[in-house]
Amino acid sequence: MENVENKDAKNNIKLGVFVTIGLLLFIGAIYFIGNRQHLFSKTLTLSALFTDISGLQIGNNVRFSGINVGTIKDIVIVSDSMVKVDIEIEKSTQTFIKKDARASIGSEGLMGNKVMNISPGTPSSKMIEEKDILLTKKIAGLDDIMIKMDSVAGNAVYITADLK
């Protein structure tokens with residue numbers, strides 16, 4: 001009888017250790033995911049209006065001077081030529097981003113995800129506030145470059161034909 005009780009006690013201890021480790025891993029995962037999505041820090045919501053978001057998606061990173069400071073929270077089509085992108089950035093970066101800062105869309109690498117880049121603006125401008133709308137600038141994308149290259153190649157054909 002004593003052997004059975006001893007075995008039950010060992011099983012209960014093993015179960016308790018297993019549940020405790022599982023719970024700690026779960027809490028760690030929630031903290032890690034929440035920290036990446038800025039759930040545990042003070043944030044600021046801003047918007048930007050673009051004519052083309054070039055594949056930007058909800059959850060993509062927002063960078064300020066090359067540092068990840070936030071995420072894309074929402075993308076809404078405003079009109080047939082305008083898309084509103086809502087972003088959430090860390091409140092601690094508010095003092096560095098000015099009202100005349102410009103947002104642009106870039107990529108993390110040659111084949112990487114799209115990111116929104118924010119340039120700081122001029123030091124003499126006021127800092128941004130909650131619900132401000134950032135100015136935007138369009139950066140030449142790969143499609144734009146390919147169209148220009150096609151035009152250049154066509155011109156090269158005409159020039160070489162004339163030289164011949």
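Residues numbered from 1 in each chain as written. Predicted model: local features only at pLDDT ≥ 70, side-chain atom pairs only at ≥ 80, totals over all residues. Heavy atoms only, no water.

In terms of strand pairing, strand S2 (residues 61-64) meets strand S3 (residues 67-79) through four bridges, oriented antiparallel. Looking at S3, one finds that Val62 is bridged to Gly70. Connecting S2 to the antiparallel partner S3 that follows it, the hairpin turn spans two residues, and Ser65 within it adopts a positive phi of roughly 55°. As defined by bridge partners, S3 adjoins strand S4 (residues 82-90) across eight bridges and the pair is classed as antiparallel. (Pairing = 2+ DSSP bridges. Helix = DSSP H or I, 4+ residues; strand = E, 2+ residues; numbered from the N terminus.)

The seven strands lie next to each other as S1-S4-S3-S2-S6-S5-S7, forming a closed barrel whose pairing is mixed. Averaged over all neighbouring strand pairs, the angle between strand axes comes to 40°, with direction disregarded. Pairing analysis gives two bridges linking strand S5 (residues 102-107) to strand S7 (residues 133-136), with the strands arranged parallel. Bridge pairing in S7 links Ala103 to Thr136. (Axes fitted to C-alpha atoms, helices over the stretch in contact; angles between N-to-C directions.)

Our focus in this paragraph is the pattern of salt bridges. Under the defined criterion, the tally for this structure stands at four salt bridges. Of the charged contacts, one joins Asp86 and Lys84 as a salt bridge, the two residues approaching to 3.8 Å between their closest N and O atoms. For Lys99, the salt bridge is made with Asp132, and the minimal N-O distance between the two is 2.9 Å. With a gap of 33 residues between them, Lys99 in the loop between S4 and S5 and Asp132 in the loop between strand S6 (114-119) and S7 connect regions that are remote in the sequence. Given the relative accessible area of 17%, Asp132 is considered buried. (Salt bridge = Lys/Arg side-chain N within 4 Å of Asp/Glu carboxyl O. Buried < 20%, exposed > 50% of the residue type's maximum accessible area, 1.4 Å probe, protein only.)

Of note in the backbone geometry, Ser54 takes a positive phi value of approximately 55° without being a glycine. Summarising the element assignment, Ser54 is placed in the loop between strand S1 (43-50) and S2. In this structure, Lys131 takes a positive phi of about 70° despite not being glycine. Here Lys131 lies in the loop between S6 and S7.

As a further point, take the pairing of S7. Where S1 and S7 come together, two bridges link them in parallel fashion. Among the inter-strand pairings, Ala48 is bridged to a residue of S7, identified as Leu134.

The subject of this paragraph is the confidence of the model for the protein chain. Averaged over all residues, the pLDDT of the protein chain is 85; the fraction at 70 or higher stands at 90%. When mean pLDDT is compared element by element in the protein chain, S4 scores highest at 94, while helix H2 (residues 142-163) scores lowest at 77. (pLDDT = per-residue confidence, 0-100.)

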